[in-house]
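Observations on the model geometry
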Protein chains: 2
Amino acid sequence: MDIDKPAALRATFADVPRWHFGMLNDSVRNRQYRNAIAKKLPGLDVLDLGMGTGLLSMFAVRVGARHVYGCERNPAISSIATEIVRANGEASRVTVLGRSSHDLRIEQDIPKRLGGLVTELMDCGMVGEGLLTSVSHARRHLLQDNARIIPEQIEIEFCLIQSEQIFNNNHVEHVDDIDLSTFNRYATPGYFPVRLRAWPFRYLSGRKSALRFDLERGEITAREELHEITATQPGIAHGIAFWFRAQLAPGIELSNDPQESTHWAQAIHCLERPQQVSRGETIELRIATDLSKIEFTLSDRSSKHA
Amino acid sequence: MDIDKPAALRATFADVPRWHFGMLNDSVRNRQYRNAIAKKLPGLDVLDLGMGTGLLSMFAVRVGARHVYGCERNPAISSIATEIVRANGEASRVTVLGRSSHDLRIEQDIPKRLGGLVTELMDCGMVGEGLLTSVSHARRHLLQDNARIIPEQIEIEFCLIQSEQIFNNNHVEHVDDIDLSTFNRYATPGYFPVRLRAWPFRYLSGRKSALRFDLERGEITAREELHEITATQPGIAHGIAFWFRAQLAPGIELSNDPQESTHWAQAIHCLERPQQVSRGETIELRIATDLSKIEFTLSDRSSKHA
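Conventions adopted
Residues numbered from 1 in each chain as written. Chains lettered and ligands numbered in written order. Predicted model: local features only at pLDDT ≥ 70, side-chain atom pairs only at ≥ 80, totals over all residues. Heavy atoms only, no water. Least-squares fit on C-alpha atoms with pLDDT ≥ 70 in both. Contact = heavy atoms within 4.5 Å. Pairing = 2+ DSSP bridges. Helix = DSSP H or I, 4+ residues; strand = E, 2+ residues; numbered from the N terminus. Axes fitted to C-alpha atoms, helices over the stretch in contact; angles between N-to-C directions. Disulfide = S-S within 2.5 Å. Salt bridge = Lys/Arg side-chain N within 4 Å of Asp/Glu carboxyl O. Buried < 20%, exposed > 50% of the residue type's maximum accessible area, 1.4 Å probe, protein only. Buried area = accessible area lost by both parts, 1.4 Å probe. Polar contact = N/O pair within 3.5 Å; in protein donor to acceptor, adjacent residues only side chain to side chain. Phe/Tyr/Trp six-rings, centres within 6.5 Å; stacked < 30°, edge-to-face > 60°.

With that out of the way, let us pick up the relation of the copies chain B and chain A. Under the fitted operation, chain B is carried onto chain A by 0.0 Å of movement along the axis and a turn of 180 degrees, and the coordinates agree to an RMSD of 0.0 Å. Expressed as a symmetry operation, the mapping of one chain copy onto the other fits a two-fold axis. Looking at the rotation axis and the C-alpha trace of chain B, the residue lying nearest is B:A198, at 2.2 Å. A high fraction, 100%, of the interface residues of chain B reappear at the interface in chain A, so the copies pair face to face through one surface.

Residue and element names in this part refer to chain B. The strand order β3-β2-β1-β4-β5 describes an open sheet built from five strands, whose pairing is parallel. The open sheet has two edge strands with one neighbour each: β3 (94-97) and β5 (143-150). Within the sheet, the average angular offset between the axes of one strand and its neighbour, ignoring direction, is 25 degrees. Along the sheet face, helix α4 (residues 55-62) touches β1 (45-49), β2 (67-71), β3 and β4 (114-119) and points at about 175 degrees away from the line of β2.

Our next topic: the state of the cysteines. Evaluated as defined, the whole model comprises zero disulfides over all chains. The thiol of A:C124 is not disulfide-bonded; the next cysteine sulfur, from A:C270, is found 13 Å away.

A separate point is the environment of A:F296. Residue and element names in this part refer to chain A. Along the polypeptide, F296 turns up in strand β17 (residues 294-298). Along the backbone, F296 and D179 are 117 residues apart, and their C-alpha atoms lie at a distance of 28 Å. Beyond its immediate chain neighbours, meaning those up to four positions away, F296 contacts I156, F158, I240, F242, H269, L285, R286 and I287.

The next point concerns the pattern of salt bridges. Per the counting criterion, the structure on display carries 42 salt bridges over all chains. One salt bridge in this structure joins B:R66 and B:D45, with 3.0 Å as the shortest N-O distance. Taken together, the positions of B:R66 in the loop between α4 and β2 and B:D45 in strand β1 put the pair 21 residues apart, joining distant regions of the chain. Classification of B:R66 by relative accessible area gives exposed; the value is 53%. Exposure remark for B:D45: the relative accessible area of 10% places this residue in the buried category. Here B:E157 makes a salt bridge to B:R207, at a shortest N to O gap of 2.9 Å. Taken together, the residues span a long stretch of sequence, with B:E157 in strand β6 (residues 153-162) and B:R207 in the loop between β10 (202-203) and β11 (208-214) at a distance of 50 residues. Residue class for B:R207 comes out partly exposed when judged on its relative accessible area of 32%. Beyond isolated ion pairs, a larger network of salt bridges with shared partners links A:R34, A:R62, A:E90, A:R93, B:D176 and B:D177.

A word on the interface of chain B and chain A. Contacts between the two partners involve 47 residues from chain B, matched on the other side by 47 residues from chain A. Both faces considered, chain B and chain A share a buried interface measuring about 4300 Å² in area, 63% of it formed by carbon and sulfur atoms. It is B:F21, B:F183 and B:Y186 that lose the most area in chain B upon contact with chain A, and together they represent 19% of the buried surface on that side. Our enumeration of links across chain B and chain A arrives at eight salt bridges. Where chain B touches chain A, the interface holds 18 residue pairs in polar contact (both at pLDDT 80 or more). When residues in the side of chain B that touches chain A are grouped by element, the largest group, five residues, is from helix α5 (residues 75-87) of chain B.

It is worth spelling out the environment of B:V94 at this point. Topologically, B:V94 is positioned in strand β3. Aside from chain neighbours lying at most four places away, what touches B:V94 is B:M51, B:S57, B:V61, B:H67, B:V68 and B:V85.

Centre distance and the angle of the planes are the two values used to describe a pair of aromatic rings. Applying the stated criterion across every chain, the model contains 14 aromatic pairs over all chains. Note on A:F21 and B:F183: the rings are 5.0 Å apart at their centroids and 45 degrees apart in plane angle, and the pair reads as tilted. Of this pair, A:F21 sits in helix α2 (residues 19-24) while B:F183 sits in the loop between β8 (178-179) and β9 (192-194), placing the two residues on different chains. Relative accessible area serves as the criterion here: at 0%, A:F21 is assigned to the buried category. Taken together through their ring pairs, the aromatic side chains of A:F158, A:Y191, A:F242 and A:F296 make up a single cluster.

As C-alpha cells, then:
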C-alpha cells in the first residue's frame, strides 16, 4: 500500500515551481555536485537540505555515502521525492523527511548528529532560498563538529551595469503626459532575477567579490562590507548585477556567472535612480546581508557625485 | 481625507505582479493603444476592462472619450489606480471600480450600457488573462449593441520549433543512471511563457493563423479547428510557439510576435514527446479553446508518423 499516494494526488501543478525542470536538466550543476559529493561524502551519514526530487541524495548513496536524510518542506515535492527514490530502488538508503530542516529533531528524525551535508539552496542571489540560515542552523543542531559541507565556501561577485530595459522592469515615470511614478511604491525591494543574456546591457565595471562565507568552518552571521568599484567606461549605471561563486569541494566550483550556462538567472539590484559615471570614477557601495537578503546602498560619498 | 489610503498601505510588493513595470514601459504597446483609442473612442462612455494603473483610461479621456469606467479586481492595483488617476487630475472623468467586470451592475456601478470598450487583457497566449470571457460577458451585459471595441479582432499565429533547452524547462527523463521521469506528472498543462530570444531554438515551419475572433461583432464561443502545418526543414519538433495578433483599430495592429519588441514573452506548448520531422512533412494539429485556455493536440494521422 502506497501511503504517500493520497498527498501526491492531492498536489497539483501549481504547487510545484516550474524551475525544477530546468534545474534537474542543468548538466553543469549536476556534474559538479556529483563530483563534489564523490570527493567529500563517501562513508558518511548525510543531510540533504532542500532535497527536491532527491537527485543529490541518490547521487550521494550511489557514490558511497552511507545513508542520506533528505528534508524538503514543500509537501508536493517531498511526496514525489518519496516515489522517485523508491522507483530508483534507494528507499532503504535515502530517507525523505517532509519538512524544513529547522524542524528536524535528533533521535526523532535523524538518529544522531550527521557527518556530512549537501545542499543546493542557492537562488540567483545566493541567499534567497535560505542557504545561509539553513546551513548555520544545521551546523548548530544537526551536524558533527567536523562535518563535511557542500558547498564549503560561497561568495558573490558583482559589477555595475547599464541597461535601461532592465531598469524599466522595476521603475516607471511618465508615459506621454501621464505621471505614473506613484506606482514605484511597488518596485522590487532588494534583488530580482534577470537572465542577463535576454536583455541589452553593458558592463560599466569589472567584477569584485564580496560576502565570502566559509560554510564548513567559518562564522555564518549577518555582515556588512564596504567596497569600492571603479567604472571602466563612461555610462549610466542602472544597477548592480551579481551572482554566486560556490566552491563545492576543493577544485570544484559552480557559479551562475552570466558567462556560464546554468539554469540560474542573475540577480539584479536596481539603483534608486540611474547615475552617470565617468571612466575611472570610483563608487563606494555598502553591501549588507542579514543572511536572508542582500542589500546594496551607495555610500554618502558616492551619492554626492550623483 | 484619503479613503483609499488604508487599502493602499496594507497592500505590499507581493500583491503587485512584476510585469506591470515592463508593460507600462512598453512604448510599442502604449503608442498603438493610444492611436487606436483616438481613432475609435472619442465622444463615448467607455469600459476599461482590467484597467491596471489606469494608463489606458487616462489616454481615453485625454483623446476625447466622455467618461471611462475602469474595473480592476486586484485591490492593491485598483487602489493605486485611484491615486494615480487623482494625481493626474482625471478623477472626475475616470471612475475606478475595484472589482472584476463580471461583478459590475448597470445603475449600481455604471449608469447605463456603454458605447465603447478598451482592454489589454492579453497574456502571451492571448486567452490566459480572460480576454475572451470578459469581452463576451461585457457585450452581453454592459455594452450597447453597436459598441466599439478595442481590440476589434484577434487571432493567434503558431509554428513548430526545435529547442531542447525550452523542452527541458518542462520535461525531465534520466540524469546519469537516475530515473526522474515520475516528475513529469507536474509538467505544465497547456502553454507557458518563454522569451524566445533568450534561448537557442530553430523554426521548423512557417507561421499559420488560427482561432480568429471578431471581438466587436462576431461570436465569442468555444471553438476547435484542424490545421495542417508543413515542416520547412528537417529536425526534431519539441513544441509549438505561438503569439497573438490583435487588430486594435483599422490599420493599427499589436502582436507579441518574436520579431516585435514588446514586453510580452511568447507562448510555448510542448509536445508530449519530441517528434522527428522531415522537410515537407505535413502535421495535422487540433487547436481548441474553451475561451480560457488553448490546447494543441497532434491528430491521430500525425501521431502515426512519430
